[in-house]
Amino acid sequence: MTSGAWSNSIPGIGTFFVGIDVAPGRYRCEDGKGGWWVRFTGPNGGEPVGSWPLPAGPTEIEIAPTDFAFETHIGTYWRKIAPPRGEDGAGPAADVRPVADPTLRAELDRIVARQRPLMWLAPLTVLAVGLVGSPVLGSLWLLGLAMLAMLVALGSPAFSLDLRRARELARRRDRYLTPEDFDDEGRALLARVQAAVDAVRDSEVNREGLLDAVDNAVTLPRQEWEIAQVLARQSRLRDEQRKISESAGLPEVEAALRPLREKLEVSVRAVTRRVEALERYAERTRAADEALRAHRHLEALAARAHEYDELLADTVRDDLAIPAIERLTEHSEELVRTLRSRLAEAAEAGGELPPPGT
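Computed from a predicted structure; not experimentally measured.

Scoring rules and cut-offs
Residues numbered from 1 in each chain as written. Predicted model: local features only at pLDDT ≥ 70, side-chain atom pairs only at ≥ 80, totals over all residues. Heavy atoms only, no water. Helix = DSSP H or I, 4+ residues; strand = E, 2+ residues; numbered from the N terminus. Buried < 20%, exposed > 50% of the residue type's maximum accessible area, 1.4 Å probe, protein only. Contact = heavy atoms within 4.5 Å. Areas by Shrake-Rupley, 256 points an atom, 1.4 Å probe, with all protein chains shown as cover. Pairing = 2+ DSSP bridges. Expected span 1.5 Å × (residues − 1). Bend = angle between axes of the 7 residues up to and from the residue. pLDDT = per-residue confidence, 0-100. Core = buried A, V, L, I, M, F, W, Y, C linked by side-chain atoms within 4.5 Å. Axes fitted to C-alpha atoms, helices over the stretch in contact; angles between N-to-C directions. Parallel < 35°, antiparallel > 145°, perpendicular 65-115°, else oblique. Lys, Arg positive; Asp, Glu negative; His and termini not counted. Salt bridge = Lys/Arg side-chain N within 4 Å of Asp/Glu carboxyl O. Polar contact = N/O pair within 3.5 Å; in protein donor to acceptor, adjacent residues only side chain to side chain.

**Some details on the overall build of the chain**
Helix and strand counts for the chain stand at 9 helices and 8 strands. Relative to its 358 residues, the chain shows a buried fraction of 38%. Within the chain, contacts between residues separated by at least 24 positions form 75% of all contacts whose residues are at least 6 apart in sequence. Surface accessibility of the chain: about 19900 Å² in total, with carbon and sulfur atoms responsible for 57%.

**Digging into the pairing of strand β3 (residues 36-41)**
When you tally the buried positions in β3, you get 5 out of 6 residues, the bulk of the element. Pairing analysis gives 5 bridges linking β3 to strand β6 (residues 69-82), with the strands arranged antiparallel. By the bridge assignment, Trp36 is partnered in β6 with His73. As paired elements, β3 and strand β4 (residues 47-51) share 5 bridges and run antiparallel to each other. Each residue of the ladder has a partner; that of Val38, found in β4, is Gly50.

**So, helix α7 (residues 251-303)**
With 53 residues, α7 extends 76 Å from end C-alpha to end C-alpha; this agrees with the ideal 78 Å at 1.5 Å per step. Of all the bends in α7, the greatest reaches close to 30 degrees and is centred on Arg258; the proline Pro259 follows between one and four positions later.

**What to know about unusual backbone geometry**
Pro53 follows Trp52 through a cis peptide bond whose omega is -10 degrees. You can see Pro53 is positioned in the loop between β4 and β5 (59-63).

**A closer look at the pairing of strand β2 (residues 25-29)**
Only one face of β2 is buried, namely the one carrying Gly25, Tyr27 and Cys29, since none of Arg26 and Arg28 on the opposite face is buried. As paired strands, β2 and β5 are joined by 5 bridges and run antiparallel to one another. Paired with Cys29 across the two strands is Thr59, which belongs to β5. One ladder, built from 3 bridges, connects β2 with β6; its direction is antiparallel. The residue bridging Arg26 from the neighbouring strand is Ala82, located in β6.

**As for the confidence of the model for the chain**
A residue-level look at the chain finds 66% of positions with pLDDT of 70 or above and a mean pLDDT of 75. No element of the chain has a lower mean pLDDT than helix α2 (residues 139-154), at 49, and none a higher one than β5, at 92. Within the model, the stretch residues 87-93 combines pLDDT values under 50 with 12 contacts to residues more than four positions away or in other chains.

**Focus: the nonpolar core**
The nonpolar side chains of a soluble globular protein tend to be buried, and buried together. Membership of the largest hydrophobic core comes to 33 residues, with the highest contact counts inside it found for Phe182, Leu190, Ile227, Leu231, Leu278 and Tyr281. Of the residues forming this core, the biggest block, 9 residues, is contributed by α7. In contact with Phe182, other than residues within four places in its own chain, are Leu177, Arg187, Leu190, Ala228, Leu231, Ala232 and Ser235. Judged by nonpolar contacts, the second largest core, of 14 residues, contains Cys29, Leu54, Ile63 and Ile74.

**A look at the environment of Ile13**
Assignment of secondary structure puts Ile13 in strand β1 (residues 9-17). Linking Ile13 and Trp78, residues 65 residues apart in sequence, is a C-alpha distance of 9.9 Å. In contact with Ile13, other than residues within four places in its own chain, are Thr72, His73 and Ile74.

**Re helix α4 (residues 184-201)**
Over its 18 residues, α4 runs 25 Å from end to end, which matches the ideal 26 Å to within 8%, given 1.5 Å per residue. Residues of α4 that are buried: Gly186, Arg187, Leu189, Leu190, Val193, Gln194, Ala196, Val197, Ala199 and Val200. In this fold, the buried residues of α4 make contact with β7 (99-100), α5 (204-207), α6 (216-248) and α7.

**Quick notes on the packing of α4 against α6**
Two elements in contact, α4 and α6, have axes whose closest approach is 9 Å; the angle formed by their N-to-C orientations is 175 degrees. By the angle class used here, α4 and α6 are roughly antiparallel. Contact residues: α4 offers Glu185, Gly186, Leu189, Leu190, Val193, Gln194, Val197, Val200 and Arg201, while α6 offers Asn216, Leu220, Glu224, Ile227, Ala228, Leu231, Ser235 and Arg238.

**Side note on the side chain of Asp289**
Mapped onto the elements, Asp289 comes out in helix α7. For Asp289, which is buried and forms no salt bridge, the nearest opposite charge comes from Arg293, at a distance of 4.2 Å. Among the polar contacts made by the side chain of Asp289, one reaches the main-chain amide nitrogen of Glu204 at a distance of 3.0 Å. Those residues in contact with Asp289 that lie beyond four places of it in its chain are Ser203, Glu204 and Val205.

**Notes on the pattern of salt bridges**
If you walk through the whole model with that rule in mind, you get 22 salt bridges. Of the charged contacts, one joins Glu60 and Arg28 as a salt bridge, the two residues approaching to 3.1 Å between their closest N and O atoms. Taken together, the residues Glu60 in strand β5 and Arg28 in strand β2 connect sequence positions 32 residues apart. The partner of Arg296 in a salt bridge is Glu204, with the nearest N and O atoms 2.4 Å apart. Of this pair, Arg296 sits in helix α7 while Glu204 is found in helix α5, placing the two residues 92 residues apart along the sequence.

Below, the structure written as structure tokens:
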């Protein structure tokens, strides 16, 4: 299972839920030899389809937006190569990922944790029945139930618990959003949000904890979820307005819709400002990354400064070597000041993000 961090790849082994762990789309593995996969389709994932054993060489699969989960067991990994196709089959939908309430994964795990001891009681119960019945029915009865207990144990309690997660996920449809929950305008804004979130999350300064003024592991998923909720509501209201306008076609209806559209536009402008704040944070984080890379290059040069000092001393005397080394030191100090300034700017931009829940 993943922890909820999104990427364009799926590990080779595990069960992953569409809308929380993986985004719909077309995926490819370079060599699935001897492995297998299962897509859980239909209501509550109750209609699994799969392939086993996989042939040597590349394999491609299509994870649909309506799938509940995808289970895989291969030696490599799956890489996303295309977004899901649109419902009309004419082409791909906007390449945005589903967004889940950040607290949903932990909630599902707690529910499953309560079921885990019961799952492991199944093979033990089978063996207990065998022991009780063996004096009457003989050793063959015990041997048969022992084999059955082994099959039950090998039936992967973890896999059964994953199906439990899928069913619980179906009951919480209001806690995650898929690309189909947004219209074109909503998907375009969501794509900008996710690009900014990914830029900050994947930045070198974030990975190394240099943006310690902002807890991005908590802040970014919450920002993405709250913005996505607003965009989904806006998309639904725009669709309702369009349908009412097309079906009625009366001036009175248009007049009644006008103030509603104006209120919706105010909401769109407000959420757009929030998106722009995320983008400013991402841009300043990229600038801090550039300064950090330049600083490291200069550190590497400074570490070898003594070689240049010795070279100059041997050729043009120390009075020329000293100013040259001092200039290199000044460049290093200037770059350190630039890095600190850009880190401060990135942290300041992160601090400008609206507090969660606003």
